[in-house]
Number of protein chains: 2
Amino acid sequence: MDAPKRSKTRQVLCGSVAIGGDAPVSVQSMTTTRTEDASATLAQIHELADAGCEIIRCAVPSARALDGFEAICSASPLPVVADIHFDYKLAIEAARRGAAALRINPGNIGSSDRVDAVIDAAKAAEIPIRIGVNAGSLDKAVDQLRDLELSEKLVRSCASFAAHFQERGFHDIVLSAKAHDVPTTLATYRALAALLPEIPLHVGVTEAGTLRQGTVKNACGVGILLEEGIGNTMRLSLTADPIEEVKVAWDLLSALGMRRRSPELVSCPTCGRCHVDLIPIAEEVSRRLESLPAPISVAVMGCIVNGPGEARTADIGLASGRGEAVLFAHGEIIRTVEESRMVDELISEIEVRFR
Amino acid sequence: MDAPKRSKTRQVLCGSVAIGGDAPVSVQSMTTTRTEDASATLAQIHELADAGCEIIRCAVPSARALDGFEAICSASPLPVVADIHFDYKLAIEAARRGAAALRINPGNIGSSDRVDAVIDAAKAAEIPIRIGVNAGSLDKAVDQLRDLELSEKLVRSCASFAAHFQERGFHDIVLSAKAHDVPTTLATYRALAALLPEIPLHVGVTEAGTLRQGTVKNACGVGILLEEGIGNTMRLSLTADPIEEVKVAWDLLSALGMRRRSPELVSCPTCGRCHVDLIPIAEEVSRRLESLPAPISVAVMGCIVNGPGEARTADIGLASGRGEAVLFAHGEIIRTVEESRMVDELISEIEVRFR
C-alpha cells in the first residue's frame, strides 16, 4: 500500500506546523464560537486539537473581536489563523496581535495599496498569508471576462494575486480557490498545481452541505486531489460540528494510506447470513478504539466462516457466529470466545498487543 | 461541469437495468433481513427502492432460503441478485426460481465442473453472473503465488475466472474484486479496467467500516475510480442501515456530476461571523427537499453579505443575517423575508419554481 506521491512545493510555517515541501498534509478546521468569547473559543480549540486538528482558524469580523483574538492566540495549543474579509486594518491588527497566519481574499480587501499594507504587516510579523479566493470574490478584472468557466476565473484570480504578492517580495503564501462542487474543485486545483507548482495549496470543497453530503463531496473531491499528489493542507467544510470535519479529514488521510492517527476498522456490511446485530457492535468497537493511538487495522466480521479469510489483512479481529466468536490476527485464529464477551476480549487482546 | 467520460464496455441486463455500455452507473445494495422471511425482505426492498436503489441482492445461504428467495423475486420492484457462496446447487436453484442475476465467487464454489453447472444454469435462465472475487476466496493457484501484491492476486483471479466463463461461451459477466482499503481497491480496478476493458465492473470498497469511515472510504475510493471512467454499477458497503448505502451512492454520483436524483444542498460551514444556528436549518432544508425530484442546487448560507455571491451558482438559496434573510437565485436577490419564516419561504419559492 503505497501512499500517493506528493508534489514538492516551497514550505511555509504556520506556527510550528510546516505546510508544503515534504511536510505531511495537515488538518485544519475553523471555530464556530464567537471570537469575542475567548474562553468558549479556546474550549472548542482544545476539543478540536484532541480530535487531531493541527491548525485552527478564527473569524475576525470586526474590531470588537481583536481582544478576544489576541487572548486566543496567546493561549491556543494550535497555531491560530485570522480569517479576514473586507477590512484590511483588521488583518494588520491580527498580525500584530499574534496570528500564526492570515487568511485574506484580496478580491474583497479593496485597492492594491490596502493589500500591500497587509503584506507588509505579515512580513513584519514573519507569518504567512493564505490567499483564499472563492466564487463570491474573484479578482474584479478576471470576473468581468466572459466565456470563462468558473474554474478558470478562480485560477486566474489566484495567479494574479500570487504574482502581486511575489512581485512585492512576499513568498510565504498558500493558495486556495474553493468551489462547492467537485468538478469545479478538481478543474481548479489541477490547473493551479500545474500553473503554480511551487506554491503550497490548501484544499477543500466549500459549502459542501450537511454531514452526509458534505462528507461525500469532500472525501471524493479532496480524495481525488490528494491521490494525485495535489494539496498540502486541508479543511473539509461541513455544516456540522467542526469536530466532524477533523474526523472526516483523518479518515480520508487514513483511507489513502497517507497518515493514520488511530485504528482503522474493517467491518462487513452484514447480510442475510449474519446472526448478530453487527452495526452496534462495530460502532462500539470503533468508539472504544478512538483513544488508542496505535495505527492498526481491526476487523469486526459477522460471519465466522468467511470473516477471518476476508479480513486477513487486518492486524486483529473478531468474527461472530452462532453464540460464539473467533479472535484472529492476520487471518489466523487466536482463540474462540463467548459471543457475549467478544468485544471485551477483542479490546483486551488489542491492549495487550498494541498499547 | 462535465461528467467524467465512461469507458465503454459490453452491456449486460440485470432484469430491466442495463449495466455497462452507455448505461448510467447504477446503484445497488443488499438486504440485511433473513431471506427466508420474504415479507420482511420485500419491505426492506421497497424502502431501498424508494431511496433510489436500482438493483438488490439477497443472500441465499442455504436451501431453506430458496422458497423465500423465489417469493421475493416474484414480488420485488427491483431486479434481485442471488448471492451464493460455497454451494453451486443453490446457485442453480436460484437461477431457476427467478434470480435476475447470480453473484458467485468461483474461488469458493469448488471444482470447475461445479462452476460450469452454474454457468449452464445462468445460460438457460438467460441471466448474467457477477464474478465477485475477494481477498478471502482467491483462485487457489493464484493465491499460492508468492511475491504478488493482493491487488495482483485479485486481478489474476478475476482474469482467470473470466477467461473460463468466456471459453465456455458465456459473456454476460460483470466483475468485482473488492478490498477493504482504498489503495488496493484503486490498484485492482485500474488494472482490471486496463486488462479487461470489455467487461463491466461492479465497484465498491468492501467491509469499509461504520457510517463515517465507510462513507469516506467509499466516496474516496469509488469516487476516484468513477472520475477516471472506471465502474459501471456500484455497491458501497457500510456497516449501517443499507438505506445509508443508497443515499451515499447517490450523493457520490451527484457530487461527480454524473447523475442527480434530488436537490443538492450548498451550505456554509458557519463561522464566528454567523448569527444563526445554521446546522439545524440546513438539516431541515435538506430533509424537506428529499422528496423533491428536481435536480436543482439549493443554498443555505449563514452570512447575508457573502452568501448570495459565494453561492451564485446555486439555483436558489437563502442567506440569513440579523433577524432577516434574503432569498436569491443565481446570486440575484429575490426578496427579503423574516428570519423566522425563511425556511418556509424558501421551500414555497422552490415549490413554485421547480415542482
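Source: prediction; values computed, not measured. (Residues numbered from 1 in each chain as written. Chains lettered and ligands numbered in written order. Predicted model: local features only at pLDDT ≥ 70, side-chain atom pairs only at ≥ 80, totals over all residues. Heavy atoms only, no water.)

1. Describing the interface of chain B and chain A
Short version of the rule: Any pair of residues with heavy atoms lying within 4.5 Å of one another is described as a contacting pair. Buried area is calculated as the accessible area (1.4 Å probe) missing from two parts once they are joined, with the contributions of both summed. Salt bridges are identified by distance alone: a Lys or Arg side-chain nitrogen within 4 Å of an Asp or Glu carboxyl oxygen. Under this definition, polar contacts are N or O atom pairs within 3.5 Å; protein pairs additionally need one hydrogen-donor-capable and one acceptor-capable atom, and for neighbouring residues in sequence, both atoms have to be side-chain atoms.
Between chain B and chain A, the residue contacts involve 81 residues of the former and 81 residues of the latter. Summing the contributions of chain B and of chain A, the shared interface buries around 6,500 Å²; its carbon and sulfur component is 55%. Of all residues in chain B, E207(B), R212(B) and R273(B) bury the most surface against chain A, accounting for 11% of the area lost on that side. For the pair chain B and chain A, the number of links is eight salt bridges. Across the salt bridge formed by R190(B) and E227(A), the nearest N and O atoms sit 2.8 Å from each other. On the surface where chain B and chain A come into contact, there are 18 residue pairs in polar contact (both at pLDDT 80 or more).

2. So, helix 7 (residues 150–167) of chain B
Going by this rule: In this text, helices come from DSSP runs of H or I with a minimum length of four residues, and strands from runs of E with a minimum of two, each type numbered from the N-terminal end. Here the expected length of a helix is defined as 1.5 Å per residue gap, with one fewer gap than residues. Partly exposed describes any residue whose relative accessible area lies between the buried limit of under 20% and the exposed limit of over 50%, with all areas from a 1.4 Å probe on protein chains only and scaled to the type maximum.
Here helix 7 of chain B is 18 residues long and its end C-alpha atoms lie 26 Å apart, about the 26 Å a rise of 1.5 Å per residue gives. Restricting attention to buried positions, one finds in helix 7 of chain B the residues L150(B), S151(B), K153(B), L154(B), V155(B), S157(B), C158(B), F161(B), A162(B) and F165(B).

3. Quick look at the packing of helix 1 (residues 38–51) of chain A against helix 2 (residues 66–75) of chain A
Residues and elements named next belong to chain A. Rule in force here: In this analysis, axes come from line fits to C-alpha atoms, helices being fitted only over the stretch in contact, and the angle between any two N-to-C directions falls in the range 0 to 180 degrees. Left-handed describes a crossing in which the near helix is turned anticlockwise from the far one by less than a right angle; the clockwise case is right-handed. Under this grouping Gly is polar, as are all residues other than the nonpolar Ala, Val, Leu, Ile, Met, Phe, Trp, Tyr, Cys and Pro and the charged Asp, Glu, Lys and Arg.
At their nearest, the axes of helix 1 and helix 2 sit 9 Å apart, and the two run at 35° to each other. Like other packed secondary-structure pairs, helix 1 and helix 2 cross with a definite hand, here right-handed. Together, A38, T41, L42 and I45 of helix 1 and G68, A71, I72 and A75 of helix 2 make up the contact between the two elements. In terms of residue class, the contact of helix 1 with helix 2 is built from six nonpolar, two polar and no charged.

4. Re the pattern of salt bridges
Inspection of the entire model under this criterion finds 52 salt bridges over all chains. Note that D143(B) is salt-bridged to R312(A), the shortest N-O span being 3.2 Å. Highlighted residues: D143(B) in helix 6 (residues 140–143) and R312(A) in the loop between helix 12 (307–310) and strand 13 (316–320), drawn from two different chains. For R312(A), a relative accessible area of 27% translates into the label partly exposed. Note that R335(B) and E345(B) form a salt bridge whose closest N and O atoms lie 2.7 Å from each other.

5. A few points about the sheet that holds strand 3 (residues 26–30) of chain B
Residues and elements named next belong to chain B. Going by this rule: Any two strands with at least two DSSP bridges between them are considered paired.
Taken in spatial order, the eight strands make up an open sheet running 8-7-6-5-4-3-10-9, and their pairing is parallel. Two strands bound the open sheet, and with one partner strand each, they are strand 8 (173–178) and strand 9 (202–203). With three bridges connecting them, strand 6 (residues 101–104) and strand 7 (residues 129–134) associate as parallel partners. In the strand pairing of strand 7, R103 is matched with R130.

6. Focus: the domain arrangement of chain A
For the record, the criterion: The split of the chain into domains comes from an automatic or database domain assignment.
You can read the domains of chain A as domain 1 (12–255) and domain 2 (264–354). Once you take the C-alpha centre of each, domain 1 of chain A and domain 2 of chain A turn out to be 40 Å apart.

7. Quick word on the relation of the copies chain B and chain A
Our working rule: In superposing the copies, a least-squares fit is computed on C-alpha atoms, taking residues whose pLDDT is at least 70 in both.
Of the transformation superimposing chain B on chain A, the axial component is 0.0 Å and the angular component is 180°, with the fit at an RMSD of 0.0 Å. The relationship between the two copies is best expressed as a two-fold rotation axis. Taking C-alpha positions as the reference, the residue of chain B nearest the rotation axis is C220(B), at 2.2 Å.

8. Re the nonpolar core
For clarity, the cut-off: As used in this record, nonpolar core signifies buried Ala, Val, Leu, Ile, Met, Phe, Trp, Tyr and Cys residues forming a set joined through side-chain atoms within 4.5 Å.
Grouped together as the largest cluster of nonpolar side chains are 168 residues, with contacts concentrated most on L102(A), M234(A), L252(A), L102(B), M234(B) and L252(B). In this structure L102(A) touches V81(A), A82(A), A91(A), A94(A), A95(A), V118(A), A122(A), I127(A), P128(A), I129(A) and R130(A), once residues within four positions along its chain are discounted.

9. Quick look at the state of the cysteines
Note the threshold: By convention in this document, the label disulfide applies to cysteine sulfur atom pairs within 2.5 Å.
Scanning the entire structure with this criterion turns up zero disulfides over all chains. Cysteine C53(A) remains unbridged, with the sulfur of C58(A) as its closest cysteine sulfur at 9.9 Å. Classification of C53(A) by relative accessible area gives buried; the value is 4%. Of the cysteine sulfurs around C58(B), a residue in no disulfide, the closest is that of C73(B), at 7.1 Å.

10. What to know about the sheet that holds strand 14 (residues 324–329) of chain B
Residue and element names in this part refer to chain B. Reading across from one edge, 11-12-13-14-15 is the order of the five strands in this open sheet, with mixed pairing throughout. For this open sheet the edge positions go to strand 11 (264–267) and strand 15 (332–338), each flanked by a neighbour on one side alone. Averaged over neighbouring strand pairs, the angle between their axes works out to 20° when direction is ignored. In the sheet, strand 11 pairs with strand 12 (residues 297–301) via four bridges, with the strands oriented parallel. In the sheet register, S267 faces strand 12, and the bridge partner there is V300. On the sheet, helix 11 (residues 278–289) packs against strand 11, strand 12 and strand 13 (316–320) and is oriented at approximately 160° with respect to strand 12.

11. Here's the deal with unusual backbone geometry
Of note in this structure, E126(A) is not a glycine but carries a positive phi near 55°. Along the polypeptide, E126(A) turns up in the loop between helix 5 (112–125) and strand 7 (129–134).

12. Observations concerning the packing of aromatic side chains
Residues and elements named next belong to chain A. For clarity, the cut-off: Two aromatic rings, drawn from Phe, Tyr or Trp (for Trp, its six-membered ring), form a pair once their centres lie within 6.5 Å of each other, and the interplanar angle then sorts them: stacked below 30 degrees, edge-to-face above 60, tilted otherwise. Ring-over charges, as used throughout, are those where CZ of Arg or NZ of Lys falls within 6 Å of the ring centre and within 35 degrees of the ring normal.
Scanning all chains against the criterion turns up two aromatic pairs over all chains. Between the aromatic rings of F165 and F170, the centroid separation amounts to 6.2 Å while the plane-to-plane angle is 70°, which identifies the pairing as edge-to-face. Residues F165 and F170 agree in their burial class; the two are buried. The lysine or arginine in question, R261, covers the ring of W250, its NZ or CZ lying 5.9 Å from the ring centre.

13. Focus on the layout of surface pockets
We apply this condition: In this analysis, the protein atoms alone were mapped onto a 1 Å grid. Cavities are point sets where a 1.4 Å probe fits without being able to get out; pockets are open sets with protein on both sides within 12 Å along at least five of seven lines; lining residues have an atom within 4 Å of a point. Grid points are joined across faces, edges and corners, and a volume is the space filled by probe spheres set on the points.
Considered as a void within the structure, the largest pocket measures approximately 750 Å³ in volume. Around the largest pocket sit 30 residues that line it, and K247(A), D251(A), S286(A), E290(A) and R212(B) are the ones nearest its centre. In the lining of the largest pocket, the residues fall into nine nonpolar, seven polar and 14 charged.

14. With respect to the pairing of strand 5 (residues 80–84) of chain A
Residue and element names in this part refer to chain A. Condition: Handedness rule for crossovers: strands pointing away from the viewer, path from the first strand over the helix to the second running clockwise, crossover right-handed.
In terms of residue burial, strand 5 counts as a mostly covered element, since five of its five residues are buried. Neither face of strand 5 is left uncovered, since the one carrying V80, A82 and I84 and the one carrying V81 and D83 both have all their residues buried. Taken together, the four bridges between strand 4 (residues 55–59) and strand 5 define a ladder with parallel strand orientation. Looking at strand 5, one finds that A59 is bridged to D83. Read from strand 4 through helix 2 to strand 5, the crossover connection turns out right-handed. As for the winding sense of the linkage, the β-α-β connection from strand 5 through helix 3 (residues 88–96) to strand 6 (residues 101–104) is right-handed.

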